[in-house]
Amino acid sequence: MPAVTAAGIDDLRVLYDLHGAEIFRFCSRLVGDRGLAEEAVQETFLRAWRARDRWEENLGSVRTWLYSIARNVSIDLLRARSVRPQLNRFGAGGHNGRAEHTLDVTGPAGARDAYDDLLDGWMLEEGLRRLRDEQRHAIVETYVKGRPYGEVAKELGVPDGTIRTRVFYGLKALRLALEEMGWNV
């Protein structure tokens, strides 16, 4: 798949041709409804086009950026749908001729699946890539591997406070990087 450049992101048709089908499949899995998935795809590309000036080519792929937008859009649509009354399976007339409305809040809005985990992993990996090496190393060693600060500090030959500072500022930078990529942290 060819990489999209900063100039290419301005052409919505090119962006859709390259990523539309896979974003639709992703949204379909998230929302579980074809019509809602189509709405999610349309909103995803609209948001991407409106925010195209905020995407920076050197910070990550447009594909990852689109997936994060699609995830957020899908969640927003599911939340909105869960508070809207839905017609039941009998339609507007109901099985006895009366209009029956139900509130369906048991849908997949709160469900997590392998796709959410995969996307979270991609986003986190991309966010970590944007950090300084010292910060990334400190976060990976203490948070991901669960090693004590003192052990990591001793291994690197720096004071314990230095590792704590790297983790503190690294997490702040990671949060900012994830927000820039469209992930609601």
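Up top is the structure.
Anyway, here's the lowdown on the structure attached to this text. Everything numeric here is computed off the predicted structure, so don't read it as measured data. (Residues numbered from 1 in each chain as written. Predicted model: local features only at pLDDT ≥ 70, side-chain atom pairs only at ≥ 80, totals over all residues. Heavy atoms only, no water.)

Looking now at the overall build of the protein chain. For the protein chain, the helix and strand inventory stands at seven helices and two strands. Reading the helices (α) and strands (β) of the protein chain from amino to carboxyl end gives α-α-α-β-β-α-α-α-α. Here the analysis covers contacts within the protein chain between residues at least 6 apart in sequence; of these, 59% occur between residues at least 24 apart. Looking at the protein chain as shown, the accessible area adds up to about 11200 Å², and 53% of this sits on carbon and sulfur atoms. (Helix = DSSP H or I, 4+ residues; strand = E, 2+ residues; numbered from the N terminus. Contact = heavy atoms within 4.5 Å. Areas by Shrake-Rupley, 256 points an atom, 1.4 Å probe, with all protein chains shown as cover.)

The tendency in soluble globular proteins is for nonpolar side chains to be buried side by side. Formed by 31 residues in total, the largest nonpolar core has its most connected members in I23, C27 and L66. Elements with a minimum of two residues in this core: helix 1 (12-31), helix 2 (34-50), helix 3 (62-83), helix 4 (114-129) and helix 7 (160-180). Broken down by element, this core gets its largest block of residues, nine residues, from helix 3. Apart from residues lying up to four places away in sequence, L66 is in contact with L15, H19, I23, T44, F45 and A48. (Core = buried A, V, L, I, M, F, W, Y, C linked by side-chain atoms within 4.5 Å. Buried < 20%, exposed > 50% of the residue type's maximum accessible area, 1.4 Å probe, protein only.)

Attention shifts here to the pattern of salt bridges. Counting across every chain of the model gives 15 salt bridges. Across the pair D133 and R136 runs a salt bridge, and its minimum N-O distance is 2.2 Å. Within this pair, D133 and its partner R136 are both found in helix 5 (residues 133-144), separated by three residues, close to a single helical turn. Note that R164 is salt-bridged to D160, the shortest N-O span being 3.0 Å. With R164 and D160 both in helix 7 and four residues apart, the pair spans about one turn of that helix. One network of salt bridges, with partners in common, ties together E141, K145, R147, E151 and E155. (Salt bridge = Lys/Arg side-chain N within 4 Å of Asp/Glu carboxyl O.)

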